[in-house]
Amino acid sequence: MSRADGVLFDKDGTLFDFHATWSVWAHEVIRDLAEGEAELMLRIAEVAHYDLAARCFRPTSPIVAGTNREAAECLAQALPGRLVEEIETHLMLSAAHAPLAPAVPLVPFLEGLAARGLRLGVMTNDTEYGAKAHLTAAGVLGHFDFVAGFDSGHGAKPAPGPLLAFARAMGLEPARVVMVGDSAHDLIAGRAAGMQTVGVLTGTAVEADLAPLADVVMPDIGHLPDWLLA
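## Focus: the packing of aromatic side chains
In the structure shown here, the tally under the stated rule is six aromatic pairs. Seen from their ring centres, F9 and F109 are 6.0 Å apart, and the 70 degrees between their planes marks the pair as edge-to-face. Placement of F9 in strand β1 (residues 6–9) and of F109 in helix α5 (residues 106–115) is noted, with a sequence separation of 100 residues between them. A residue is classified by how much of its surface remains accessible, and F9, at 0% relative accessible area, is buried. Residue F109 is classed as buried on the basis of its relative accessible area of 9%. Look at Y50 and F57: their rings are 5.2 Å apart centre to centre, the planes differ by 80 degrees, and that puts the pair in the edge-to-face class. Accessibility classification places Y50 together with F57 in one group, the buried group. Cluster of aromatic residues (ring-pair linked, three or more members): F9, F109 and F144. The ring centre of W227 lies 4.2 Å from the NZ or CZ of R3, which sits over that ring.

Have a look at this one:
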């Protein structure tokens, strides 16, 4: 007997390892936006809480769990004269080609969950365009019954609206849905929606950040199938 009838995944830091994907991408974005100017790269990195030397986001970065729009607004602080909309479009288009690093082999993982009759979804604070581009590139878009971004009309995490939209679309009781994510935003949204919550450590958060908001914290999503049957 499974604990749930549906599983809703965050994307970045959950389905895909955050640093191996987004910290690599961010270095290229910062260089592009600064047009290679070293001092400007430093200013952009500072507002983004990004360590240029280590090439990784710091856990305090407002970009980690924010929406694409919020990321653009953050970076615009270091780019006077650049329109937020212009930066937002640049982020959306470049993110579609980020070097994806799945947290686990996704096809067998998702096939195994679907074989149990679980409905599967993705809700990300990235754009819907970016989400579908990444899932397509990873060869798993067709494995999901529901894919939404912050701009899909349901709202953004940590609000519960987009999570409840998944439950409604699938005809599921929220209490029978598991929200899986790597950030407090994911788990706060799950709690507010009345869902079960699972934290994973493939993002920037550590166990102490997630444990107060999660029913369980796992190293990665590969541990989810056993927990669902426990």
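## Focus: the nonpolar core
If you look at the biggest cluster of nonpolar residues, it comprises 29 residues, and the most contacted ones within it are W25, I44, Y50, L75 and L91. Elements represented by at least two residues in this core include exactly α1 (18–33), α2 (38–48), α3 (68–76) and α4 (84–95). Discounting residues that sit within four places of it in the chain, Y50 has contacts with S23, A26, H27, I30, A45, R55, C56, F57 and R58. In this structure, F9, L15, V104 and V200 belong to the second largest nonpolar core, which totals 27 residues.

## Regarding the pairing of strand β7 (residues 196–200)
For β7, a buried count of five out of five residues is recorded, marking the element as mostly surrounded by other parts of the structure. By the bridge criterion, four bridges tie strand β6 (residues 177–181) to β7 in an arrangement that is parallel. Bridge pairing in β7 places G181 opposite G199. For the crossover from β6 across helix α8 (residues 184–192) to β7, the handedness is right-handed. Sheet topology note: the β7/strand β8 (residues 216–218) ladder contains three bridges and is parallel. Considered in β8, the bridge of G199 is made with V217.

## Here's the deal with the pattern of salt bridges
Here the structure, examined in full by the defined rule, presents 13 salt bridges. The partner of K157 in a salt bridge is D10, and the shortest N-O contact between them spans 2.9 Å. Remark: D10 occurs in the loop between β1 and α1 and K157 occurs in the loop between β5 (146–148) and α7 (161–170); sequence separation between them is 147 residues. Where salt bridges share partners, they join R69, E73, E85 and E88 into one cluster.

## Points about the side chain of T67
Looking at where T67 falls in the secondary structure, it is placed in the loop between β3 (56–57) and α3. Discounting chain neighbours no more than four positions away, the residues touching T67 are N125, F150 and A156.

## A look at the packing of α3 against α4
The angle between the axes and the distance between the axes are what describe a pair of packed helices. In the contact formed by α3 and α4, the axes pass within 8 Å of each other and the chain directions differ by 125 degrees. Between α3 and α4, the angle is such that the two are oblique. Handedness of the α3/α4 crossing: right-handed. Mapping the contact onto sequence places N68, R69, A71, A72, E73, L75 and A76 in α3 and V84, E85, I87, E88, L91 and M92 in α4. Its residues assigned to classes, the contact of α3 with α4 comprises eight nonpolar, one polar and four charged.

The rules behind each value
One numbering rule holds for all chains: residues counted from 1, following each sequence as written. Thresholds applied to this predicted model are a pLDDT of at least 70 for local features of residues and 80 or more for the giving and counting of side-chain atom pairs; totals over whole chains, interfaces and linings are not thresholded and use all residues. Calculated side-chain values reflect all of the structure's heavy atoms, with hydrogen atoms and water omitted. Planes of paired rings set the category: under 30 degrees apart is stacked, over 60 is edge-to-face and the rest tilted, where pairs are Phe, Tyr or Trp rings (Trp by its six-membered ring) whose centres lie within 6.5 Å. Helix numbering and strand numbering both begin at the N terminus, where a helix is a DSSP run of H or I of at least 4 residues and a strand a DSSP run of E of at least 2. Each residue is placed in one exposure class: buried if its accessible area under a 1.4 Å probe, protein chains only, is under 20% of its type's maximum, exposed if it is over 50%, and partly exposed if it falls in between. For a Lys NZ or an Arg CZ to count as sitting over a ring, it must be within 6 Å of the ring centre and within 35 degrees of the ring normal. Throughout, nonpolar core names a set of buried Ala, Val, Leu, Ile, Met, Phe, Trp, Tyr and Cys residues whose side chains join them through atoms within 4.5 Å. Residue contacts are counted whenever heavy atoms from the two residues lie within 4.5 Å of one another. Note on pairing: two strands pair once DSSP finds at least 2 bridges between them. Note on handedness: a crossover is taken as right-handed if, strands pointing away from the viewer, the path from the first strand over the helix to the second is clockwise. What makes a salt bridge here is a side-chain nitrogen of Lys or Arg within 4 Å of a carboxyl oxygen of Asp or Glu, nothing more. Under this scheme, a helix contributes an axis fitted over its contacting stretch, all axes are lines through C-alpha atoms, and angles between N-to-C directions fall in the 0 to 180 degree range. In these notes the angle categories are as follows: under 35 degrees is roughly parallel, over 145 is roughly antiparallel, 65 to 115 is roughly perpendicular, and the rest is oblique. Rotating anticlockwise by less than a right angle from the far helix to the near helix defines a left-handed crossing, while the corresponding clockwise rotation defines a right-handed one. Ten residues, namely Ala, Val, Leu, Ile, Met, Phe, Trp, Tyr, Cys and Pro, are considered nonpolar, four, namely Asp, Glu, Lys and Arg, are considered charged, and the remaining ones, Gly among them, are considered polar.

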